[in-house]
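Residues per chain are reported as follows:
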Amino acid sequence: MEAKRVDCPNAEWSGKVIDGPTNPMVTPLLTDLYQFTMCYAYWKAGKHNERAVFDLFFRKNPFGGEYTIFAGLEECIKFIANFKFTEEEISFIRSSLPPTCEDGFYDYLRGVDCSDVEVYAISEGTVVFPKVPLMRVEGPIAVVQLLETPFVNLVNYASLVATNAARHRFVAGKSKILLEFGLRRAQGPDGGIGASKYCYIGGFDATSNVAAGRLFGIPLRGTHSHAFISSFMSPDEIIDKSLRSSDGSRTCEDFVSLAQAWLNKIQWSRSFRGVFGETNQSELAAFTSYALAFPSKFLALVDTYDVMKSGIPNFCAVALALIDLGYKAVGIRLDSGDLAYLSCEARKFFCTIENEFGVSDFGKMNITASNDLNEETLDALNKQSGKQTVFLNQSLSWMSCFHTQGHEVDAFGIGTNLVTCYAQAALGCVFKLVEINNQPRIKLSEDVSKVSIPCKKRCYRLFGREGYPLVDIMTGENEPPPKVAERILCRHPFNESKRAYVVPQHVEELLKCYWSGSSGKPREELPPLKSIRDGCMKQLEQMRPDHMRRLNPTPYKVSVSAKLYDFIHFLWLNEAPVGELQ
């Protein structure tokens, strides 16, 4: 039987109740054992209430790129707003720790919540870079230590898959529709739900995941599979053949025959005579049946048998029959074969239908492509050389030309490579102590990339004359902020020769308070998912193209102030042991 969670006083803020995390498994027990052993050791030493500051950040951008999309913040706030141990959880912790642990510790856990915790974070959906804190978490060290693993877990995959989605969006271009089809290949239910949410933030337009549509309001898309097509044997299987017109004024009693009649017209028209022979009648039956069920949403999967000799002609016949009744078909989906070639041939077929039968906009029919697509495939499709395409009507009295761009796909359905982040398994977020009891702390390493940047910091993004971000700069908490039109020295945290003066035209502070506990400080509201997505798209548009490009992108500059640079190296020398030669 599921344990009841104790009511948490933090879960209500400004009169609004903050729901718990989307996944009910995200509880205080979703952590590593060593967080509890440290928590006990803090408590045993009397250090558990000492005020600590931790930074959550990552060290390297994923997928060989030079940017990352920050995601997962909302789930973190939902988690701490409802952070409270149940009696059953405390009993399990007791059974998992050595029997020498004192009873007083478990009494302490009964009273633990996040009322003394503060969270400062970059807005979800923001383009972010290595070393800059995504979140700054302040509070009693024992409590904040218990937040480390769940916070890193909630941010790691979310930011990784949102970045993967943004990279697909960048390669596909603004005009293409991107559909997330990854649920069946995702790493379990949580991976599937999370992927749908964060791919939407990263720029995808819709998902096939019905549960994600209900939970997050993401638009849903989907029609049918090859199984639906191959389940039909002949048109005789269709029992109810009638279809009312879109305006309700009349009823076609035999829509099946109407579609067959259109197929004959296409087959014997001058433009198509000899182009294709007899099409697959079971496929025509499946298309007709689906159109009867969804006359205003008819989109057909056309590659079950043969795209150009059967799928496209059958689709066009049903689509033309729908037009007779006032409906407009949506388009087709290609799930195999040479997508560039087939999309161009399909577009050519549609344009010829439009001109042959005088059907307005038939040539603009939507073409969706799927079939194990990834970022590299999209890039390759876009780079294929264009060609001039010419269509002539039967009387040769008109000519219609357009220039293709290598393919004619309007929408891409992407699954496995997107949601599994096949190109990179993890982002590598870390959670490091940077201050305790107002004393800055540093983590040293022989690998300079793993040296942490100490103390409580403020972070700013500086913009140049052209409106692009130039550099992110971290300063000490009490340093004056950068000002517009005033020159500031920006230094690489660890390389003394890398430095530059910047005169910002606009300054944006990155870290904002998203959870203030019981301190009474004002905090940012959690925005709706659509607003996060819109903000992400705006952020991506603001970035300089050379930072975004897929091959050999220019690294974005992350810096510290001159004062913080000096302090980092002072603390480094102070904490590093001095060697002794014998």
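A brief look at the structure comes next.

Here is what the cut-offs are and how they apply
Residues numbered from 1 in each chain as written. Predicted model: local features only at pLDDT ≥ 70, side-chain atom pairs only at ≥ 80, totals over all residues. Heavy atoms only, no water. Helix = DSSP H or I, 4+ residues; strand = E, 2+ residues; numbered from the N terminus. Buried < 20%, exposed > 50% of the residue type's maximum accessible area, 1.4 Å probe, protein only. Contact = heavy atoms within 4.5 Å. Areas by Shrake-Rupley, 256 points an atom, 1.4 Å probe, with all protein chains shown as cover. Lys, Arg positive; Asp, Glu negative; His and termini not counted. Charge placed at Lys NZ, Arg CZ, Asp CG, Glu CD. Phe/Tyr/Trp six-rings, centres within 6.5 Å; stacked < 30°, edge-to-face > 60°. Lys NZ or Arg CZ within 6 Å of the ring centre and 35° of its normal. Pairing = 2+ DSSP bridges. Expected span 1.5 Å × (residues − 1). Arc of directions from axis to C-beta. Core = buried A, V, L, I, M, F, W, Y, C linked by side-chain atoms within 4.5 Å. Polar contact = N/O pair within 3.5 Å; in protein donor to acceptor, adjacent residues only side chain to side chain.

Within the protein chain, the regular secondary structure consists of 17 helices and 26 strands. By principal-axis analysis of the C-alpha atoms, the protein chain measures approximately 95 × 60 × 50 Å. Across the 582 residues of the protein chain, 54% fall into the buried class. Long-range contacts, defined here as pairs at least 24 residues apart, represent 74% of the contacts in the protein chain between residues at least 6 apart. Taken as a whole, the protein chain presents about 26600 Å² of accessible surface, with 51% of it coming from carbon and sulfur. For the protein chain, the separation between the mean place of its 63 positive charges and that of its 67 negative charges on side chains is 5 Å.

Overall, the coordinates contain 23 aromatic pairs when judged by the stated rule. Here Phe36 and Phe85 contribute two aromatic rings whose centre-to-centre distance is 6.0 Å and whose plane-to-plane angle is 55 degrees, an arrangement assigned as tilted. Taken together, the residues span a long stretch of sequence, with Phe36 in helix H1 (residues 33–45) and Phe85 in the loop between helix H2 (73–81) and helix H3 (87–96) at a distance of 49 residues. Three or more aromatic residues link up through ring pairs in this structure, and these residues are Phe36, Phe79, Phe83, Phe85 and Phe151. Here Lys265 stacks its cationic end above the ring of Trp262, 4.2 Å away from the centre of that ring. Over the aromatic face of Tyr501 sits the side chain of Arg487, whose NZ or CZ is 3.8 Å from the ring centroid.

Here we take up the sheet that holds strand S17 (residues 411–414). Strand order in this open sheet of six strands is S9-S8-S17-S14-S13-S12, and the pairing throughout is parallel. Edge strands, defined here as strands with exactly one partner in the open sheet, are strand S9 (206–207) and strand S12 (299–301).

For the rest of this paragraph, the subject is helix H9 (residues 255–268). Across its 14 residues, H9 extends 20 Å between first and last C-alpha, which sits within 8% of the 20 Å expected from 1.5 Å per residue. Buried within H9 are the following residues: Phe255, Val256, Ala259, Trp262, Leu263, Ile266 and Gln267. Along the axis of H9, the buried positions cluster into a sector of 140 degrees, meaning they face one direction only. Buried residues belonging to H9 abut strand S10 (243–244), strand S11 (251–252), helix H10 (281–293), helix H11 (307–324) and helix H12 (339–357).

To continue, consider the environment of Leu573. Take Leu573: it is sitting in helix H17 (residues 562–575). For the pair formed by Leu573 and Arg270, sequence separation is 303 residues and the distance between their alpha carbons is 85 Å.

The next thing to look at is the nonpolar core. General note: in soluble globular proteins, nonpolar side chains tend to be found buried as a group. The biggest cluster of nonpolar side chains holds 166 residues, and the ones touching the most others in it are Met135, Phe151 and Phe315. The dominant element in this core, judged by the number of residues it contributes, is helix H5 (residues 141–172), at 18 residues. Once you skip the residues sitting within four places of it in the chain, Met135 turns out to touch Phe54, Asp55, Leu56, Phe70, Leu73, Cys76, Val119, Tyr120, Ala121, Phe151 and Val155. Ranked by size, the runner-up nonpolar core spans seven residues in total, among them Tyr460, Leu462, Val471 and Ile488.

The next subject is unusual backbone geometry. It is generally the case that most residues other than glycine have a negative phi and that most peptide bonds are trans. Even without being glycine, Cys421 reaches a positive phi, approximately 50 degrees. By the secondary structure assignment, Cys421 is in the loop between helix H14 (416–419) and strand S18 (429–436). Phi is positive for Asn552, which is not a glycine, with a value near 50 degrees. For Asn552, a relative accessible area of 67% gives the class exposed.

Here we take up the side chain of Gln145. Within the secondary structure layout, Gln145 lies in helix H5. A distance of 3.3 Å separates polar atoms of two side chains, one belonging to Gln145 and the other to Gln35. Apart from residues lying up to four places away in sequence, Gln145 is in contact with Gln35, Met38, Tyr42 and Phe54.

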